[in-house]
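Residue-level structural notes
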Amino acid sequence: MDMPDPERLPASDRGGEADIAVHWPEEPLVPPPRNLRRPPHIAEPGLRERFRRDRFPAYFDEYAQLLTWNRRWDRTLDSDHPPFYRWFVGGTLNASVNCVDRHLPGRAGAPALIFVPEAEADPPQIVTYRELFDRVNALAAYLARGLGAVAGERVTLHLPMTPDLPVAMLACARLGLPHSVVFSGFSGEACGLRIADSRSRFLITMDGYFRNGRWVDLREAADRAYRVAHAQGHAPERVLVLPRTPGHWRSERPLRAPVEADLEAELAGYRSAREPARELASDHPLFLMYTSGTTGRPKGVQHNLGGYLAYAAGTTYYYQDLDPEDVYWCMADIGWITGHTYIVYGPLALGAQVVLYEGIPTYPDPERPWRIAERLGVTVFHTSPTAIRQLRRLAPNGPGRHRTSFRLLTSVGEPIEPETWHWYHAEVGRGAASVLDTWWQTETGGILCSTAPGIDPMKPGSAGPGVLGIHPQIRDEDGRIIPPGSHRAGALVIPHPWPGQMATIWGDPRRYVETYFQRFNTSPESTDWNDWPYLTGDGAVQAADGYFRILGRIDDVINVAGHRLGAKEIESACLTVPGIAEAAVVPVNDPVKGRCPEAYVSLRSGTDPSPELADRVTRAIESRIGKIARPTHVWIVADMPKTRSGKILRRVLSAISNGRPPGDLTTLANPEVVAEIERRVRSKD
Ligand code: WTA
């Protein structure tokens, strides 16, 4: 048995998630299916050998060779200034050429995107590579010629899951405008803060979209985003609004000239325009993706063109095992990194047929995904444990009622516990598909741990070994490597750079170094990358066979249904409510979403506790961050458990929320408050 020992995880006074990580016994290996349609790419003889550690970094040239370059690179890796790295130095390329133009000879009429509107009565719409080319060119031409956009300027995209989103991303990429996609479910306020932080010149948004059968209006969010960005000192110059349905505006709200414009009308003169793709340096920024970190402010994770795109294409090729015949469906939202890498950049770089679904998996019923998969002939399917749990709970026999043809089923975003894994494998895949648990992060650009499809034995509950060219390690508190099979958990690190690795935090290189490298760096002056192991922020344990089991975050990040939320961000939202003196937000286990935030607040003197006040806290969280961050409960407490130096001990609150004993209270200045809080929470008072 290889049981993780949570006590051995790096100490964190916040308690983090490590101490409530899921603990299941080591599962036996499941052999990969033998009836694959064809051998996967990863079965290539000698492949593993070529990606051996002693061939670092040259082996990553193989990933870059999957792309089309204007000019070939001279140097695989420039590591002269660690932890700032440049990949494929001297090379020039363009992402939109790689994802669109280069597929035109021979594949112009093939589907690039198969858009499935949420309303089932609306038939799927195919966007061929030719049409994608036309639409990307039209928007790029308008941005460049109509608005004078120049390479390097940022564009924020607050768009839902329609083809307009990948079109906008690729149009930006064509011109070298780094895009910053804000998840459409995020509030206007969250969008505004990201516009200001990225100093975006333009915001592209939509009148609204359909979700769970309802119309969600985005016009108000755009208005709020503009005002928030303005208050932060950086309003966007133009707000370009598309109608969800061409030619049909659903929102009543008028467009406010001159800032707001109807993008559909603006594009009218550019429909057949061609805009030359800019030849860009490999280290040109491709996009920013904001993600929650350990402090309140979201970080703009910056990914650069050549390294990111090579890594996206390489991991899609070997691990999603895609080729142009595959019909591939990733149910994630493009507003998260998974959608960037494994809906847009990776699959389109390989010329695959990509399904884009507008809605939620359970609309109008929890068998919808299987109907879509049957109708479109989906061969490779990618989703999150939360979605799988939900579909299983609501319709456990659903998959068996449909004639699906999955060859490969993949999962990402949270640990997938064995029970859920087995259902995915047996019911969804009928035991005939490989199941991949892929572990990675916004910062890593692409998958870092996974088994190889159709080749490696699978182990439910374990992500697997490092992928090609990635050699992860577990370190103890003092930075010592914990060897595989030692039954001890620790901090998961990547001891070397890789092409998908983020370039920096936008506008804050210091924070990049502090957040990801300071922990295990012993000589800040060192120019040897070996001295700069990358800290993932996850706790993990490595079995004797080399497979990694991810235990969860060891920092302040709460992973809700595979989406990262910063505990501190939610706490600052609580503190905006008048009368709230202190707030502590902790993760509570949830059978479907994995984790949910739960809030504890204490009041200023003179403020009385009331259910209305708790509601105000919930509403503040929803409007600051989005409904996704809604707490399961807001507990108004007389005082927070604190250390003598006045730090709130979230570990104690997290234990109480999860029905565990509060643990050692000797460091508390006010241990007496604990029993009272416990009594309240237990009685749901
Ligand atoms: C968690 C999503 C266990 C982990 C691609 C990580 C996982 C964070 C897995 C990154 C997995 C992601 N097993 N945990 N297969 N995949 N995580 O940045 O805690 O949204 O650090 O990237 O999700 O979330 P992010």
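Model, not experiment: these values are computed from the prediction.

Cis geometry is found at the peptide bond from Pro82 to Pro83, where omega equals 0°. At the junction of Tyr363 and Pro364, the peptide bond is cis and its omega measures out at -5° in the coordinates. Residues other than glycine seldom take positive phi values, yet His487 does so here, at roughly 60°. With respect to the element layout, His487 can be found in the loop between β21 (473–475) and β22 (490–494). Residue His487 is classed as partly exposed on the basis of its relative accessible area of 36%.

For the rest of this paragraph, the subject is the nonpolar core. Phe60, Leu132, Tyr345 and Leu348 are the most contacted members of the largest nonpolar core, which totals 125 residues. When residues of this core are assigned to their parent elements, the largest contribution, eleven residues, is made by helix α5 (residues 129–146). Setting aside its immediate chain neighbours within four residues, Tyr345 contacts Ala95, Cys99, Met169, Leu170, Ala173, His179, Leu286, Phe287, Tyr308, Leu309, Ala312 and His340.

Here the focus is the sheet that holds strand β23 (residues 504–505). Sheets are built from strands paired through backbone hydrogen bonds, the pairs being either parallel or antiparallel. Strands sit in the order β12-β11-β8-β6-β7-β14-β15-β23 across an open sheet of eight strands; the sheet is mixed. The sheet is open, and its two borders are formed by β12 (260–262) and β23, each paired with just one other strand. Both strand β6 (residues 155–158) and strand β7 (residues 179–181) contribute to a ladder of three bridges, which runs parallel. Counterpart to Thr156 in the pairing with β7 is Ser180.

Looking now at the site of the ligand. Close to the ligand lie 17 residues; Asp437, Thr442, Asp538, Arg553 and Arg564 are nearest. Here a nitrogen atom of the ligand sits 2.7 Å away from a polar atom, N or O, in the side chain of Asp437. Within the side chain of Gln441, one N or O atom sits 2.9 Å away from an oxygen atom of the ligand. The protein chains hide 97% of the 520 Å² of surface that the ligand would expose on its own. Contributing elements (two or more residues each) for the shell around the ligand: α11 (337–349), β20 (434–438) and β25 (548–553). In terms of residue class, the shell around the ligand is built from six nonpolar, six polar and five charged.

This part covers the pattern of salt bridges. For the coordinates displayed, the defined rule picks out 52 salt bridges. In this structure, Asp80 engages Arg75 in a salt bridge whose closest nitrogen and oxygen atoms are separated by 3.2 Å. Asp78 is paired through a salt bridge with Arg86; the nearest N and O atoms lie 2.9 Å apart. On the basis of relative accessible area, Arg86 is assigned to the partly exposed category, the value being 36%.

What follows is about the packing of aromatic side chains. Two aromatic rings, taken as a pair, are described by how far apart their centres are and by the angle between their planes. Taken as a whole, this structure holds 39 aromatic pairs when the rule is applied. Ring plane angle 45° and centroid distance 5.7 Å describe the contact between Phe51 and Tyr63, whose orientation is recorded as tilted. Of this pair, Phe51 sits in the loop between α1 (47–50) and α2 (61–64) while Tyr63 sits in helix α2, and the two are twelve residues apart along the sequence. For the pair Phe51 and Tyr63, a shared accessibility class is recorded, and that class is buried. Above the ring of Phe186, the side-chain terminus of Arg194 is found at 4.9 Å from the ring centroid. Positioned above the aromatic ring of Tyr226, the side-chain terminus of Arg256 is 5.9 Å from the ring centre.

As a further point, take the sheet that holds strand β24 (residues 534–542). Reading across the sheet, the four strands line up as β21-β22-β24-β25 and stay open at both edges, with antiparallel pairing between neighbours. Every other strand in the sheet has two partners, leaving β21 and β25 as the edge strands with one partner each. Across this sheet, the average inter-strand angle for adjacent strands is 50°, counted without regard to direction. Where β22 lies against β24, four bridges are found, and the strand directions are antiparallel. Bridge assignment links Ala491 to a residue of β24, and that residue is Gly539.

The rules we used
- Residues numbered from 1 in each chain as written.
- Predicted model: local features only at pLDDT ≥ 70, side-chain atom pairs only at ≥ 80, totals over all residues.
- Heavy atoms only, no water.
- Helix = DSSP H or I, 4+ residues; strand = E, 2+ residues; numbered from the N terminus.
- Buried < 20%, exposed > 50% of the residue type's maximum accessible area, 1.4 Å probe, protein only.
- Core = buried A, V, L, I, M, F, W, Y, C linked by side-chain atoms within 4.5 Å.
- Contact = heavy atoms within 4.5 Å.
- Pairing = 2+ DSSP bridges.
- Near = heavy atom within 4 Å.
- Polar contact = N/O pair within 3.5 Å; in protein donor to acceptor, adjacent residues only side chain to side chain.
- Areas by Shrake-Rupley, 256 points an atom, 1.4 Å probe, with all protein chains shown as cover.
- Nonpolar A, V, L, I, M, F, W, Y, C, P; charged D, E, K, R; others polar.
- Salt bridge = Lys/Arg side-chain N within 4 Å of Asp/Glu carboxyl O.
- Phe/Tyr/Trp six-rings, centres within 6.5 Å; stacked < 30°, edge-to-face > 60°.
- Lys NZ or Arg CZ within 6 Å of the ring centre and 35° of its normal.
- Axes fitted to C-alpha atoms, helices over the stretch in contact; angles between N-to-C directions.

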